[in-house]
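Commentary on secondary and tertiary structure
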Amino acid sequence: MKIASRLVTWQRLHGRHGLPWQGTRDPYRVWLSEIMLQQTQVAAVLDYYQRFLSKFPTVKALAQAPASEVMVQWAGLGYYARARNLHACAKQVMDKWNGKFPPDAASLATLPGIGPSTAAAIAAFCYGERAAILDGNVKRVLARLFAIEGDPTTRAIELQLWERTREQVPTARACAQDPALMSAYTQGLMDLGATLCTRSRPKCEACPLKKDCLAKQQNRSDELPWPRARKALPERNTMMLIVHQPGYILLDQRPTTGIWGGLWSLPEYEVTIEPTLIYQNLGLPIDKTAVLASFLHVFTHFRLTIEPHLVSVARARTPKINSALKSLPSAQWVALAQLQQRALPAPVHKLLTGLITAGLIH
Ligand code: SF4
């Protein structure tokens, strides 16, 4: 089975056109979109992409920006390792590649945060290279087309899928005749997975590949690909302190590695510790405290129940790094008016915005 020509014809007529990262061969723009789109829907990326580009219009601007500024622009998109790798990658492009992205997929894949599929997408879009992609959507399309059973996240199935995607790449001869072929083909695979061959209820009747698709023929598109064998996610609990005084809130910077690495969050404590001891240990003149309703935040590998404690402090201290906070050396008093300039994890941002709107912190 060869799908390229039908897929390309379909993409040119019915695929997605006019997304802000299309119609360019600038590797910086394509790379940025590919990283943002990993595990994130197009609709969520649109605003971030435009804002990020206006802040960092070139790879040089991004490489020279402070890490905190990059995190501020990324805050809310999630999977923060992507932002750290993005910054590291921009620096490597400046230092090792003279400010130009490497000219082929194999070299692109040596850069931080660029896996083989992302490298292939950039090379296909920007250089017309005959490189095969295999992102989550493409895995689903191929597993259905070829009725491949098994969990696609396992190494054995992934290898089969890589083999299939490489077989389908348009021929060198076809690419020589149509320089935009690889770009349309790659976009076609992505578009098919995003718009027709969707996770649930694929629109097979509109699909350009329906005559060849084994899942369609066998009426198995609902059961393929096999779902990932999921283990129950571990549960964790944490206590977060919202320590505030008029106009200011105490934020604590997370270590650069791990969950929410480098972001500004709320001071966290084990829920097993007696809260009054924690309050006392702050060494601040506390007016009142309140335990707010707990809420759940789900990460890919665990579920976190957050127990927020509101700690109201009388304005008695200089709102700078406070020498009394020996237990929180990485904490700072941040003016509420300047909260937007700090990169906050999405649930913390939501919590604080809700409290400000409700007038509980002001
Ligand atoms: S026919 Fe249906 S299941 Fe097969 S590739 Fe097309 S949309 Fe997917």
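These numbers were taken from a predicted model, which means no experiment stands behind them.

Looking only at helices and strands, one finds 15 helices and 8 strands in the protein chain. Taken along its principal axes, the extent of the C-alpha atoms in the protein chain is 75 × 50 × 35 Å. Expressed as a percentage of the 362 residues in the protein chain, the buried residues total 37%. Sequence separation of 24 or more characterises 67% of the internal contacts of the protein chain that already satisfy a separation of 6 or more.

The ligand sits among 14 residues. The nearest are Cys197, Cys204, Cys207, Cys213 and Ser221. Tallied by class, residues from the shell around the ligand come to 10 nonpolar, 1 polar and 3 charged.

Let us look at the domain arrangement of the protein chain. We note that the domain assignment places domain 1 (4–217) and domain 2 (235–357) within the protein chain. Distance from the C-alpha centre of domain 1 to the C-alpha centre of domain 2: 37 Å. Every contact between the two is made by 10 residues of domain 1 and, on the other side, 10 residues of domain 2. When residues in the side of domain 1 that touches domain 2 are grouped by element, the largest group, 5 residues, is from helix α5 (residues 67–74). Taken together, the residues of the side of domain 1 that touches domain 2 sort by class into 6 nonpolar, 3 polar and 1 charged.

All right, on to the nonpolar core then. Within the largest apolar cluster, 94 residues are counted, with the highest numbers of intra-cluster contacts made by Ala120, Ile122 and Ala123. Counting the residues that make up this core, at least three belong to each of domain 1 (4–217) and domain 2 (235–357).

Within strand β5 (residues 286–291), only 0 of the 6 residues are buried, which leaves it mostly out in the open. Sheet topology places β5 next to strand β7 (residues 303–313); 5 bridges connect them, and they run antiparallel. Bridge pairing in β7 links Ile286 to Val313.

With respect to the helices and strands, the residue Tyr49 is situated in helix α3 (residues 42–55). Between the C-alpha atom of Tyr49 and that of Ala90, which follows or precedes it by 41 residues, the distance is 16 Å. Excluding residues that lie within four positions of it along the chain, Tyr49 makes contacts with Pro20, Trp21, Leu32, Ser33 and Met36.

As a further point, take the environment of Pro255. Looking at the secondary structure, you find Pro255 in the loop between β2 (248–253) and β3 (264–265). Note on Pro255: 10 C-beta atoms within 10 Å, which makes it exposed. Separated by 223 residues in sequence, Pro255 and Leu32 place their C-alpha atoms 25 Å apart.

With that out of the way, let us pick up unusual backbone geometry. In this model, Leu224 is joined to Pro225 through a cis peptide bond whose omega is -10°. Structurally, Pro225 is set in the loop between α13 (214–217) and β1 (235–245). Of note, the phi angle at Arg201 is positive, near 45°, even though the residue is not glycine. Mapped onto the fold, Arg201 is located in the loop between α12 (181–196) and α13. Taking the number of C-beta atoms within 10 Å as the measure of exposure, Arg201 has 8 and is therefore exposed.

Between helix α2 (residues 27–37) and helix α8 (residues 116–127), the shortest axis-to-axis distance is 10 Å and the interhelical angle comes to 145°. For the pair α2 and α8, the sense of crossing is right-handed. Seen from α2, the contacting residues are Pro27, Val30, Trp31 and Glu34; seen from α8, they are Thr118, Ala121, Ile122, Phe125 and Cys126. Of the residues contributing to the contact of α2 with α8, the split by class is 7 nonpolar, 1 polar and 1 charged.

Strand direction decides the pairing type here: β1 and β7, joined by 10 bridges, are parallel. Bridged to Thr238 within β7 is Ile306. Pairing between strand β6 (residues 295–298) and β7: 4 bridges, direction antiparallel. Note that in β7 the partner of Leu296 across the bridge is Thr305.

Moving on, we get to the environment of Thr353. Its place among the elements puts Thr353 in helix α15 (residues 346–357). When the C-alpha atoms of Thr353 and Met71 are compared, they prove to be 19 Å apart, with 282 residues separating the residues in sequence.

Our focus in this paragraph is α2. Taken across its 11 residues, α2 has 11 buried, putting it largely inside the fold. In this structure, the buried side of α2 is in contact with α3, α4 (59–64), α6 (81–96) and α8. Residue Gln39 follows α2 closely and has a positive phi angle near 60°.

Moving on, we come to the packing of helix α9 (residues 136–145) against α12. Contact geometry for α9 and α12: axes closest at 8 Å, N-to-C directions at 80°. With respect to α12, the axis of α9 lies roughly perpendicular. Contact with α9, carried on its side by Asn137, Val138, Arg140 and Val141, involves Leu189, Met190, Leu192, Gly193 and Ala194 of α12 and no other residues of that element. Considered class by class, the residues forming the contact of α9 with α12 number 6 nonpolar, 2 polar and 1 charged.

What counts and what doesn't
Residues numbered from 1 in each chain as written. Predicted model: local features only at pLDDT ≥ 70, side-chain atom pairs only at ≥ 80, totals over all residues. Helix = DSSP H or I, 4+ residues; strand = E, 2+ residues; numbered from the N terminus. Buried ≥ 20, exposed ≤ 12 C-beta atoms within 10 Å, placed from the backbone. Contact = placed C-beta atoms within 7 Å. Near = placed C-beta within 6 Å. Nonpolar A, V, L, I, M, F, W, Y, C, P; charged D, E, K, R; others polar. Domains from an automatic or database assignment. Core = buried A, V, L, I, M, F, W, Y, C linked by C-beta atoms within 7 Å. Pairing = 2+ DSSP bridges. Axes fitted to C-alpha atoms, helices over the stretch in contact; angles between N-to-C directions. Left-handed = near helix turned anticlockwise from the far one by under 90°. Parallel < 35°, antiparallel > 145°, perpendicular 65-115°, else oblique.

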